[in-house]
Amino acid sequence: MSINPLLESMTPYRPGRSIESVKRQYQLSQVIKLASNENPLGPSPKALAAIAKYAAESHLYPDGSSSELTEKLASHHQVPYDHICLGNGSDELFDQLIRIYVDPGEAVLVSQGAFNAYALSALAHRASVIEVPLRSDFQIDLEAFDHVLRTRLKENKIRLVFIPNINNPTGLLLPYQEIVNFLEKWGRNPEVLIVIDEAYHHFISSSQYRSACQFQKEFPSLIVSRTFSKSYGLAGLRLGYLIAPSQVCTYIHRVRKPFNVNRLAQKAGLAALDDHDFLERSQQLIRQEKVKIRDFLAEHQISFLPSEGNFYMINMKRDLKLVEEFFLKHGVIIRPVDNYGFTTWIRVSVGLPEENTKMLLVLEECFRKIEELPDHRY
Ligand SMILES: *Cc1c(COP(=O)(O)O)cnc(C)c1O
């Protein structure tokens, strides 16, 4: 049987290595994982209590419309109820959007060197992916996005545009004005939807930052996505949501699985939204540890990008296979990001203070023990 060539060319999403498998492979008793931008403080304690409380009801189907959580999020964002839709992680919602809006032969527009879940979903649905190169400063190039839309929207049938702000793996924040300019041009165009992915919203401390949520009324083609995976520490429960035009939510409700958000995720999400103390502690920890990591890297003249997230992208200037192996051998799981086109860079998540200290020790040793590549490789 012949398979769509797009699928033949796909490589599966590469998740971070698990602690268990690294312990086994390297016979280590202690392994730390700084590979998936998870919350180092664990889940919100209020969410944990809710999970414990409701675990005994796991024989019951969830509320298929997640109504209580949807209501709470609507009031949290001050939008009507029908402008919120929940998913089994935000990645499920990206997938649904593509299912709804992009037919085979039509296209999504993404940035190279950006979160690749969007492109993988598009390929899986036999849609085309148009990738715009990053600018030389590693920033997502919204002017180039604009150019592609102006010249190819009709011809290539571009239906969805994905913009992660901040971007993963770079951690870079898009200047506010660039987003406004882009939305002024395309946010009212009925032929295309703009998805701004704000997975790291709570970690951004730049005074320049404002969430795209505020534009919802002004730009009817705008969708904002958020997740409980990072700042709320609930990655394992799979919970994300869109703040979107009601028409978009209506279609999502038609195509989604009837119980896509499980019972415990709904209960945990409700509790996490009230856990202001946990959110504050998470933000505080990340802020404080980022200063430590940044100072260390600067002091050792190691190049890294000025991330606004709970992770840093660092240029090792060395063979990544050797670098990853070195980290693993020393019990630290990091993420090589060569699959994003950054051939000598890794991404490390900000962990607990002692985890970061250990990571920096291994990093320093790695620089000493593994030889640098010749210049042209980075
Ligand atoms: C982690 C992350 C998400 C979250 O995905 P979930 O499916 O909600 O866990 C979304 N977008 C970006 C850019 C991310 O890095």
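Keep in mind that what you see is a predicted model, and the values were worked out from it rather than measured. (Residues numbered from 1 in each chain as written. Predicted model: local features only at pLDDT ≥ 70, side-chain atom pairs only at ≥ 80, totals over all residues. Heavy atoms only, no water.)

A. Layout of the environment of Asp 146. When you line up the elements, Asp 146 lands in helix α7 (residues 142-156). Distance in space between the C-alpha atoms of Asp 146 and Ser 206 is 25 Å, their sequence separation being 60 residues. If sequence neighbours within four positions are ignored, Asp 146 has contacts with Phe 182, Lys 185 and Trp 186. (Helix = DSSP H or I, 4+ residues; strand = E, 2+ residues; numbered from the N terminus. Contact = heavy atoms within 4.5 Å.)

B. Inspection of the site of the ligand at higher detail. Taken together, Gly 89, Ser 90, Asp 91, Phe 115, Asn 168, Asp 197, Ala 199, Tyr 200, Thr 227, Ser 229, Lys 230 and Arg 238 make up the full set of residues near the ligand. One of the side-chain N or O atoms of Asp 197 is found 2.5 Å from a nitrogen atom in the ligand. Note that an oxygen atom of the ligand is positioned 2.6 Å from one of the side-chain N or O atoms of Thr 227. Contact with the protein chains covers 93% of the free accessible surface of the ligand, which is 390 Å². (Near = heavy atom within 4 Å. Polar contact = N/O pair within 3.5 Å; in protein donor to acceptor, adjacent residues only side chain to side chain. Areas by Shrake-Rupley, 256 points an atom, 1.4 Å probe, with all protein chains shown as cover.)

C. Just the pattern of salt bridges, in detail. Applying the stated criterion across every chain yields a total of 16 salt bridges. Between Glu 178 and Arg 135 there is a salt bridge; the shortest N-O distance is 3.5 Å. Placement of Glu 178 in helix α8 (residues 176-186) and of Arg 135 in the loop between β4 (128-132) and α7 is noted, with a sequence separation of 43 residues between them. Classification of Glu 178 as partly exposed rests on a relative accessible area of 24%. Between Lys 185 and Asp 146 there is a salt bridge whose closest N-O contact spans 3.8 Å. (Salt bridge = Lys/Arg side-chain N within 4 Å of Asp/Glu carboxyl O. Buried < 20%, exposed > 50% of the residue type's maximum accessible area, 1.4 Å probe, protein only.)

D. Region of interest: the packing of helix α5 (residues 90-101) against helix α6 (residues 117-124). As a packed pair, α5 and α6 sit with axes 9 Å apart at the nearest point and diverge in direction by 40°. When the axis of α5 is compared with that of α6, the two are oblique. Seen along the crossing, α5 lies across α6 with a hand that is right-handed. Between α5 and α6, the contacting residues are Phe 94, Asp 95 and Ile 98 on the first element and Tyr 118, Ser 121 and Ala 122 on the second. Within the contact of α5 with α6, the residues separate by chemical class into 4 nonpolar, 1 polar and 1 charged. (Axes fitted to C-alpha atoms, helices over the stretch in contact; angles between N-to-C directions. Parallel < 35°, antiparallel > 145°, perpendicular 65-115°, else oblique. Left-handed = near helix turned anticlockwise from the far one by under 90°. Nonpolar A, V, L, I, M, F, W, Y, C, P; charged D, E, K, R; others polar.)

E. Highlighting unusual backbone geometry. In this structure, Ile 166 follows Asn 165 across a cis peptide bond, with omega equal to 5°. The linkage connecting Asn 168 with the following residue, Pro 169, adopts the cis geometry, with an omega of 15°. Tracing the chain through its elements places Pro 169 in the loop between β5 (158-164) and α8. Residues other than glycine seldom take positive phi values, yet Gln 78 does so here, at roughly 55°. In this structure, Gln 78 sits in the loop between α4 (67-77) and β2 (84-87). On the basis of relative accessible area, Gln 78 is assigned to the exposed category, the value being 72%. In this structure, Lys 317 is a non-glycine residue whose phi angle is positive, near 55°. Here Lys 317 falls in the partly exposed class, since its relative accessible area comes to 25%.

F. Inspection of the side chain of Arg 335 at higher detail. With respect to the secondary-structure elements, Arg 335 resides in strand β11 (residues 335-336). Here Arg 335 occupies a buried position and makes no salt bridge, while the nearest side chain of opposite charge, Glu 324, is found at 7.5 Å. Reaching out from Arg 335, the side chain makes a polar contact with the backbone oxygen of Ala 35 at a distance of 3.1 Å. Those residues in contact with Arg 335 that sit more than four places away from it in its chain are Tyr 13, Arg 14, Pro 15, Gly 16, Ala 35, Ser 36, Ile 346 and Arg 347. (Lys, Arg positive; Asp, Glu negative; His and termini not counted.)

G. Broad picture of the packing of aromatic side chains. Evaluation of the coordinates by the stated rule reveals 15 aromatic pairs. Summarising the aromatic geometry, the rings of Phe 94 and Phe 162 are spaced 5.8 Å apart at their centres and angled 80° between planes, so their arrangement reads as edge-to-face. With Phe 94 in helix α5 and Phe 162 in strand β5, this pair connects stretches of sequence that are 68 residues apart. Classification of Phe 94 by relative accessible area gives buried; the value is 1%. Both rings, one in Phe 304 and one in Tyr 312, keep their centres 5.6 Å apart while their planes meet at 90°; by these two values the pair is edge-to-face. Put simply, the rings of Phe 94, Phe 115, Tyr 118 and Phe 162 touch in pairs and so form one group of aromatic residues. Just above the ring of Tyr 176 sits the side chain of Arg 210; from NZ or CZ to the centre is 4.0 Å. One cation-aromatic arrangement involves Lys 267 over Tyr 54; the distance from NZ or CZ to the ring centre is 4.4 Å. (Phe/Tyr/Trp six-rings, centres within 6.5 Å; stacked < 30°, edge-to-face > 60°. Lys NZ or Arg CZ within 6 Å of the ring centre and 35° of its normal.)

H. Region of interest: the pairing of β5. The element β5 is largely enclosed, with a buried count of 6 among its 7 residues. One ladder, built from 3 bridges, connects strand β3 (residues 107-111) with β5; its direction is parallel. Within the sheet, the bridge partner assigned to Ala 107 lies in β5 and is Ile 158. Two strands pair when backbone bridges link them, and β5 and strand β6 (residues 193-197) are joined in this way by 5 bridges, in the parallel orientation. Within the sheet, the bridge partner assigned to Pro 164 lies in β6 and is Asp 197. Following the chain from β5 across α8 to the adjacent parallel β6, one finds a crossover that is right-handed. (Pairing = 2+ DSSP bridges. Right-handed = clockwise from strand over helix to strand, strands pointing away.)

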